[in-house]
Structures are given as C-alpha cells and as structure tokens.
Amino acid sequence: MGMALAFPAVRKHIYEEFLGISKMVLIYELHCYREAGLLIGDSSEERFESYNEIVGTEEFHHYIEKNYPVLEYLFQRKMEHAVKCVESISEAFINDKEELSNVFGKKFGKIDDMEIGNGDTHQLGKTVAILTGDFGKVVYKSRDFYNDSALNDIVEFLNRYSIRCKLKKNRVLGKKGYGWQEFIEKKECMNDEEVARFYYREGIYLAIFIYLILVICIMKIL
C-alpha cells in the first residue's frame with residue numbers, strides 16, 4: 001500500500017473516490033446538525049465553517065464509523081482496488097522496460113507519478129493510467145492493442161501516397177491483455193492553416209473508420 005500512496009496522483013484519485021461516495025452522507029449530516037441547532041454562526045458561511053470544524057474531529061469520525069458501516073467497507077474496497085491497480089501496472093512496467101525503451105526510443109528508468117482512473121474500464125474495472133517519469137509520459141491500457149496496430153498499418157500505407165498531410169502513427173507496445181501507448185500532448189491550432197490540416201486529417205480518419213465498418217458488415221453478411 002505504501003508504494004501506491006507514494007504517487008501524488010494516486011493519493012488525489014483515492015481522495016476524489018472517497019469524496020464521491022461520502023458526500024451525500026456529509027450533506028445529510030450537515031442538514032441534521034443545522035436542524036438540531038448545533039452549528040455556530042450568524043451567517044450560512046459561518047455555520048458551514050462550524051460544520052467543517054466538527055467534521056475534522058475524532059468524535060465525528062467515530063460517529064460515522066458507527067452509524068455508516070457500509071461507508072467504511074466501500075472505502076476499504078476503493079483503497080484495495082487502487083493499490084492492486086498500481087501494483088499490477090508497476091509490475092508490468094518493470095517487466096517491459098527494455099521493450100518500451102526499444103519501441104519508444106528513450107530510456108524507461110523509473111516512475112515518478114501515476115494517474116489512474118482515466119478513460120473507459122476494461123477487465124473487471126481496470127482503467128487507463130498515465131505514467132510520468134524519466135521517459136516523459138506513457139499511457140497504459142488494460143486491453144489488447146490489435147486494433148491500434150492495425151490502424152498504424154493503414155496509416156503507414158496511406159502515408160506512402162500523395163496525401164496532403166501525413167498522418168501520425170501512435171507508437172504502441174501490445175502485450176497479452178494490456179499494452180502501452182504513446183502519450184499525445186493536446187495542443188491548440190495556432191492559425192487557419194493548422195485548423196485546415198486538422199480537419200483534413202480528421203476526414204481521412206473518418207474515411208478509414210467508415211471503410212472498416214463496411215468491411216466488418218460485409219464479412220458478417222458473408
């Protein structure tokens with residue numbers, strides 16, 4: 001558990017998960033304290049600050065544990081899930097270091113931080129993770145990368161011909177049941193020419209996806 005909590009982004013994720021499942025309880029208790037006249041202050045802001053001070057006391061924590069046992073169970077499950085997720089990804093990173101260095105053309109030494117809980121869920125609730133370290137950033141996904149590799153092959157084929165704007169291949173390392181993907185920084189278009197290139201590339205990708213959908217439909221019919 002110590003390794004997982006060593007990453008600031010993991011601690012932030014766990015905090016947000018805890019807040020998400022406990023906020024309705026806190027709101028309900030705020031209402032109860034207000035109705036019972038237990039909050040101090042002449043304004044709503046002062047009374048809310050009074051409630052914040054109560055929430056931070058050990059007595060309030062014991063009260064919550066006693067009256068909301070399911071909440072503590074949910075906290076424990078969320079914590080265990082986050083720890084298992086970090087341990088699994090860290091183990092994969094250690095095992096794949098050499099291959100990652102070869103595919104991405106940079107040294108993969110150590111992880112400084114790990115964002116979990118991003119994107120869609122796969123394989124019993126596992127989600128996308130973004131790792132930061134001496135290698136910059138890399139994306140971990142708990143799914144196969146067959147489709148991504150196939151798309152890269154199509155992009156490579158199209159780039160050989162006279163399309164106006166070359167398409168970028170997103171470097172990937174596919175493993176059994178999971179994989180690594182190049183992290184693409186989000187940038188705004190700075191001028192009309194960049195906007196035009198963006199929509200040109202989007203049109204090509206749209207054509208690719210429509211073509212693939214038609215192929216799949218035809219294969220199902222046959």
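K.L.:
Mind showing me how you'd approach the packing of aromatic side chains here?
P.N.:
Each aromatic ring pair is characterised by the separation of its centres together with the angle its planes make. In this structure the tally under the stated criterion is 14 aromatic pairs. Both rings, one in Phe 93 and one in Phe 108, keep their centres 6.2 Å apart while their planes meet at 50°; by these two values the pair is tilted. One end of the pair, Phe 93, is in helix α5 (residues 69–104); the other, Phe 108, is in the loop between α5 and β1 (111–122), and 15 residues separate them in sequence. Here Phe 93 and Trp 180 contribute two aromatic rings whose centre-to-centre distance is 6.2 Å and whose plane-to-plane angle is 70°, an arrangement assigned as edge-to-face. Here Phe 93, found in helix α5, pairs with Trp 180, found in strand β5 (residues 178–182); they are 87 residues apart in sequence, far enough to count as distant. Members of the aromatic cluster, each reached through a chain of ring pairs, are Phe 93, Phe 104, Phe 108, Phe 135, Tyr 140, Tyr 178 and Trp 180. Across from the ring centre of Phe 145, 4.8 Å away, lies the NZ or CZ of Arg 143, which sits over that ring.

K.L.:
Hey, could you run me through the packing of helix α2 (residues 8–35) against helix α3 (residues 44–55) in this one?
P.N.:
Packed helix pairs are specified by the crossing angle of their axes together with the interaxial distance, meaning the distance between the axes. At their nearest, the axes of α2 and α3 sit 11 Å apart, and the two run at 115° to each other. Seen along the crossing, α2 lies across α3 with a hand that is right-handed. Taking contact as the criterion, the partners of Leu 26, Glu 29, Leu 30 and Tyr 33 in α2 are, on α3, Phe 48, Tyr 51 and Ile 54. Partitioning the contact of α2 with α3 into residue classes produces six nonpolar, no polar and one charged.

K.L.:
What should I look at first to understand the side chain of Asp 148 in this one?
P.N.:
With respect to the secondary-structure elements, Asp 148 resides in helix α6 (residues 146–159). A polar side-chain atom of Asp 148 sits 3.1 Å from a polar atom in the side chain of Gln 181. The contacts of Asp 148, once residues within four sequence positions are left out, are Arg 143, Val 172 and Gln 181.

K.L.:
Help me understand the layout of surface pockets in this model?
P.N.:
Space left empty within the atom packing is revealed by a probe, the size of a water molecule, rolled over the atoms. Considering only enclosed or pocket space, the largest pocket measures out at about 730 Å³ in volume. Along the wall of the largest pocket there are 16 residues; nearest its centre are Lys 168, Ile 184, Glu 185, Phe 198 and Arg 201. Take the lining of the largest pocket: its biggest share by element is six residues, from helix α7 (residues 192–221). Residue classes in the lining of the largest pocket are distributed as four nonpolar, one polar and 11 charged. Roughly 310 Å³ of internal volume is contained in the second largest pocket. For the second largest pocket, the full set of lining residues is Ser 22, Val 25, Leu 26, Val 55, Phe 60, His 61, Ile 64, Glu 65, Tyr 68, Leu 71, Glu 72 and Phe 75. Put simply, the parts of the chain that give the lining of the second largest pocket at least two residues each are α2, α4 (58–67) and α5. When residues in the lining of the second largest pocket are grouped by element, the largest group, four residues, is from α4. Each residue belonging to the lining of the second largest pocket can be placed in one class, and the counts come to eight nonpolar, two polar and two charged.

K.L.:
Just to check I follow, could you spell out the packing of α2 against α4 for this structure?
P.N.:
Between α2 and α4, the shortest axis-to-axis distance is 13 Å and the interhelical angle comes to 115°. Comparing their axes, α4 and α2 come out roughly perpendicular. Seen from above, α2 lies across α4 with right-handed handedness. Here Val 25, Leu 26, Glu 29 and Tyr 33 of α2 come into contact with α4, specifically with Phe 60, Tyr 63 and Ile 64. Tallied by class, residues from the contact of α2 with α4 come to six nonpolar, no polar and one charged.

Cut-off values and rules
- Residues numbered from 1 in each chain as written.
- Predicted model: local features only at pLDDT ≥ 70, side-chain atom pairs only at ≥ 80, totals over all residues.
- Heavy atoms only, no water.
- Phe/Tyr/Trp six-rings, centres within 6.5 Å; stacked < 30°, edge-to-face > 60°.
- Helix = DSSP H or I, 4+ residues; strand = E, 2+ residues; numbered from the N terminus.
- Lys NZ or Arg CZ within 6 Å of the ring centre and 35° of its normal.
- Axes fitted to C-alpha atoms, helices over the stretch in contact; angles between N-to-C directions.
- Left-handed = near helix turned anticlockwise from the far one by under 90°.
- Contact = heavy atoms within 4.5 Å.
- Nonpolar A, V, L, I, M, F, W, Y, C, P; charged D, E, K, R; others polar.
- Polar contact = N/O pair within 3.5 Å; in protein donor to acceptor, adjacent residues only side chain to side chain.
- 1 Å grid on protein atoms, 1.4 Å probe; cavity = no way out; pocket = protein on both sides within 12 Å on 5 of 7 lines; lining within 4 Å.
- Points joined across faces, edges and corners; volume = space filled by probe spheres on them.
- Parallel < 35°, antiparallel > 145°, perpendicular 65-115°, else oblique.

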